[in-house]
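The chain contents come next:
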Amino acid sequence: DGRMRHRLGESFFILTVLLAVFLVACLVTYSPTDPGPFNAYSSPEVHNIGRLLGAWSINFFLFLTGYLAWSIPAVLIYVGWLVYDRSDQPPEETSLLDWLAHLTGLVLFVFSATGLLHMHALPPAGAMPAGGGGVIGLQIATPLLQFSGALGSTLFLLSMLLVGLTLFAGISWFAVMDATGRYTLAAAEGLAKVLAGMRDWFAGR
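Bear in mind that the values here come from a model prediction, so they are computed numbers and not experimental data.

Chemist: Which parts of the structure should I look at to understand the pattern of salt bridges?
Modeler: Any two side chains of opposite charge can pair, so long as their charged atoms come close to each other. Applying the stated criterion across every chain, the model contains two salt bridges. Linking D178 and R182 is a salt bridge whose minimum nitrogen-to-oxygen distance equals 2.9 Å. With D178 and R182 both in helix α6 (residues 173-204), this residue pair falls four residues apart, about one helical turn. For D178, a relative accessible area of 48% corresponds to the partly exposed category.

If you want it as structure tokens, here you go:
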């Protein structure tokens, strides 16, 4: 039934938004001394606004993905929007290949982003459970650094990051470059007009 699919999709989207808000609040109030499954030491006092559930959840996500955990709320909202958007389409029009492409893009994004964060984001000592890219970033970046060095690993992971975002979010990088060039030219033209107006104003003075 189309109406039931629409209601379920809308309910799922609302739940993802609420969960994303909860995760953002827990991330903002994260403390390295809060109890968690991967904390070597912790104080009995919980500073996280989500209490034990929030502290344990954020410690788990930070341990796995490092700083990339801050993108989890946005990913949740986008997945909820995808489900809501597809709920209005007949089941035969929602291709399994389409969802597989989204899933593949998400995996590529997580692996490449955590690898880059492990190599280039160095958190202060004790601030993160397992480095800037978490355990996943450590497992991805370590063999790449051994075989291709820092430059090769960075270029490879950056290319995989762009491919992952294209598959997961449908971003066209050619369209992004075209829009960037168009807005840059428009900004340069506007700046030239402002400078010309200022020159005339000073000449009048």
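Chemist: What should I look at first to understand the side chain of D34 in this one?
Modeler: Counting through the fold element by element, D34 comes out in the loop between α1 (2-28) and α2 (51-65). No salt bridge is formed by the buried D34, whose closest oppositely charged neighbour, R51, lies at an N-O distance of 7.4 Å.

Chemist: Would you mind going over the nonpolar core with me for this structure?
Modeler: Judged by nonpolar contacts, L68, F109, V110, A113, L116, M119, A141, L157, L161 and L165 together constitute the single largest core of 10 residues. Looking at this core, the elements that each hand over two or more residues are α4 (96-120) and α5 (134-169). In contact with A113, other than residues within four places in its own chain, are L68 and L161. With nine residues, the next largest nonpolar core counts L23, L27, L62 and I72 among its residues.

Chemist: Would you mind going over the packing of α2 against α5 with me for this structure?
Modeler: Angle between the axes and distance between the axes: these two values describe a pair of packed helices. Here α2 crosses α5 at 10 degrees, and the two axes come no closer than 2 Å. Accordingly, the angle class assigned to the pair α2 and α5 is roughly parallel. Every residue of α5 that contacts α2 at L62, F63, L64 and T65 is listed here: G134, V135, I136 and G137. Along the lines of polarity and charge, the residues of the contact of α2 with α5 split into five nonpolar, three polar and no charged.

Chemist: Just checking my understanding: could you explain the packing of aromatic side chains for this structure?
Modeler: Aromatic ring pairs are reported here in terms of the distance separating the ring centres and the angle at which the planes meet. Taken as a whole and judged by the stated rule, the model has five aromatic pairs. Pairing F13 with W81 gives two aromatic rings, centres 5.8 Å apart and planes at 70 degrees, and the pair type is edge-to-face. Placement of F13 in helix α1 and of W81 in helix α3 (residues 72-86) is noted, with a sequence separation of 68 residues between them. By relative accessible area, F13 is classed as partly exposed at 22%. Classification of W81 by relative accessible area gives partly exposed; the value is 39%. One aromatic cluster is present, formed by F13, W81 and Y84 through successive ring pairs. R182 extends its terminal NZ or CZ atom over the ring of Y183, reaching a point 5.4 Å from the ring centre.

Criteria and thresholds
- Residues numbered from 1 in each chain as written.
- Predicted model: local features only at pLDDT ≥ 70, side-chain atom pairs only at ≥ 80, totals over all residues.
- Heavy atoms only, no water.
- Salt bridge = Lys/Arg side-chain N within 4 Å of Asp/Glu carboxyl O.
- Helix = DSSP H or I, 4+ residues; strand = E, 2+ residues; numbered from the N terminus.
- Buried < 20%, exposed > 50% of the residue type's maximum accessible area, 1.4 Å probe, protein only.
- Lys, Arg positive; Asp, Glu negative; His and termini not counted.
- Core = buried A, V, L, I, M, F, W, Y, C linked by side-chain atoms within 4.5 Å.
- Contact = heavy atoms within 4.5 Å.
- Axes fitted to C-alpha atoms, helices over the stretch in contact; angles between N-to-C directions.
- Parallel < 35°, antiparallel > 145°, perpendicular 65-115°, else oblique.
- Nonpolar A, V, L, I, M, F, W, Y, C, P; charged D, E, K, R; others polar.
- Phe/Tyr/Trp six-rings, centres within 6.5 Å; stacked < 30°, edge-to-face > 60°.
- Lys NZ or Arg CZ within 6 Å of the ring centre and 35° of its normal.

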